[in-house]
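Tertiary structure, described
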Amino acid sequence: SATVAISEPASSAFVIQASLHPEREGELMRRALLQAGRIVIPAAILGTLLAPYILRLLGPEYESTGTPLLRLLLLSAIPQIVVGVSLGRARVRQNLRLVLGVYITVFVSVVTGTYVGVEQIGLVAVGWTWLIVQSVLAGMLLGPAKVAGRALSVVLGLGFRLRTAPRAMKRRRT
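Computed from a predicted model, the values in this text were never measured in an experiment.

We now examine the overall build of the chain. Counting secondary structure elements, the chain contains 7 helices and 0 strands. When the elements of the chain are put in sequence order from the N terminus, they spell out α-α-α-α-α-α-α. Counting over 174 residues, the chain shows a buried share of 40%. Carbon and sulfur atoms provide 67% of the accessible area of the chain, an area that totals close to 10000 Å².

When their charged atoms lie close together, side chains carrying opposite charge are able to pair. Going through the model one piece at a time under the given rule, you end up with 4 salt bridges. E27 serves as the salt-bridge partner of R24, at 3.3 Å between the closest nitrogen and oxygen. For R24, a relative accessible area of 27% translates into the label partly exposed. When its relative accessible area of 34% is taken as the criterion, E27 is described as partly exposed.

This part takes up helix α5 (residues 124–142). The terminal C-alpha atoms of α5 lie 27 Å apart, and with 19 residues this matches the ideal 27 Å at 1.5 Å per residue to within 8%. Among the residues of α5, V124, A125, G127, T129, L131, V133, Q134, L137, A138 and L141 are the ones counted as buried.

If you trace the backbone, N95 turns up in the loop between α3 (60–92) and α4 (96–121). N95 sits in the buried class, given a relative accessible area of 8%. Only 3.1 Å separates the side chain of N95 from the backbone nitrogen of L98, close enough to count as a polar contact.

Of all hydrophobic cores here, the largest spans 13 residues; its most connected members are V83, V102, V106 and L137. Sorting the residues of this core by element identifies α3, α4 and α5 as the ones contributing at least two each. Residues F14, L28, M29 and V85 belong to the second largest nonpolar core, which totals 7 residues.

At a minimum axis distance of 8 Å, the contact between α3 and α4 shows a crossing angle of 150°. Relative to α4, α3 is oriented roughly antiparallel. Of the residues in α4, those in contact with V83, L87, A90 and R91 of α3 are L98, V99, V102 and Y103. Its residues assigned to classes, the contact of α3 with α4 shows 7 nonpolar, no polar and 1 charged.

Before going further, it helps to examine the environment of I78. Turning to its location among the elements, I78 is positioned in helix α3. Classification of I78 by relative accessible area gives partly exposed; the value is 25%. Residues I78 and S135 lie 57 residues apart in sequence; the distance between their C-alpha atoms is 8.4 Å.

About the cut-offs
- Each chain has its residues counted from 1, running along the sequence as written.
- Predicted model: local features are reported for residues with pLDDT of at least 70 only, side-chain atom pairs are reported and counted for 80 or more only, and whole-chain, interface and lining totals are derived from all residues.
- Values shown for side chains rest on all heavy atoms present in the structure; no hydrogens or waters enter the calculation.
- Secondary structure counts use DSSP, requiring at least four H or I residues in a row for a helix and at least two E residues in a row for a strand, with both numbered from the N terminus.
- Under the scheme applied here, a residue whose accessible area is under 20% of the maximum for its type counts as buried, over 50% as exposed, and between as partly exposed, the area being computed with a 1.4 Å probe on protein chains only.
- For the accessible areas, the method is Shrake-Rupley and the probe is 1.4 Å, while residue cover comes only from the protein chains on display.
- Take a side-chain nitrogen of Lys or Arg and a carboxyl oxygen of Asp or Glu: if they are within 4 Å of each other, that pair is a salt bridge.
- Given the number of residues in a helix, its expected span is that number minus one, multiplied by 1.5 Å.
- Under this definition, polar contacts are N or O atom pairs within 3.5 Å; protein pairs additionally need one hydrogen-donor-capable and one acceptor-capable atom, and for neighbouring residues in sequence, both atoms have to be side-chain atoms.
- By nonpolar core is meant a set of buried Ala, Val, Leu, Ile, Met, Phe, Trp, Tyr and Cys residues that side-chain atoms within 4.5 Å join together.
- In this analysis an axis means a line fitted to C-alpha atoms, helices contributing only their contacting stretch, and an angle means the value between N-to-C directions, from 0 to 180 degrees.
- In this scheme, roughly parallel covers angles under 35 degrees and roughly antiparallel covers those over 145, while 65 to 115 is roughly perpendicular and the rest are oblique.
- A contact between two residues is defined here by any heavy atoms of the two lying within 4.5 Å.
- Note on residue categories: nonpolar means Ala, Val, Leu, Ile, Met, Phe, Trp, Tyr, Cys or Pro, charged means Asp, Glu, Lys or Arg, and polar means any other residue, Gly included.

Coordinates in, geometry out; function isn't part of it.
Rendered as structure tokens:
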């Protein structure tokens, strides 16, 4: 969605700036979260409120069947800000296992949740699954990096630990 498309450039800008200024990583991450949040949160809320009216333009069937799904997908953009910027931080720290772990978690969870849920509650299961997955990941990634990494590691059975600084940054300082 358009709201997710806004958080991705914020994450990319964070990665570039944090790579150039590793000593400011925390400050830059907060700025990226705030900048994306200032746009995504109001847009997601407005889109959620206007969803039936927007879908009505496509036809009454879209309005009646698509409104709940669209609302859930728009709301999932809010926790996705945290996930996107946190993945940027993992890239800066060269923690590709965490990045891969998050993508695998999203894939497995969404496919499984959708497969199980569609038979029970219909297409809206996709929206619920996506919102729950993004929210759980955001909660895990908001905590201290080591706690989030260990929790994800336990869930995925990857058995890795987070580094406090990328190897490239350590080399650059010596």
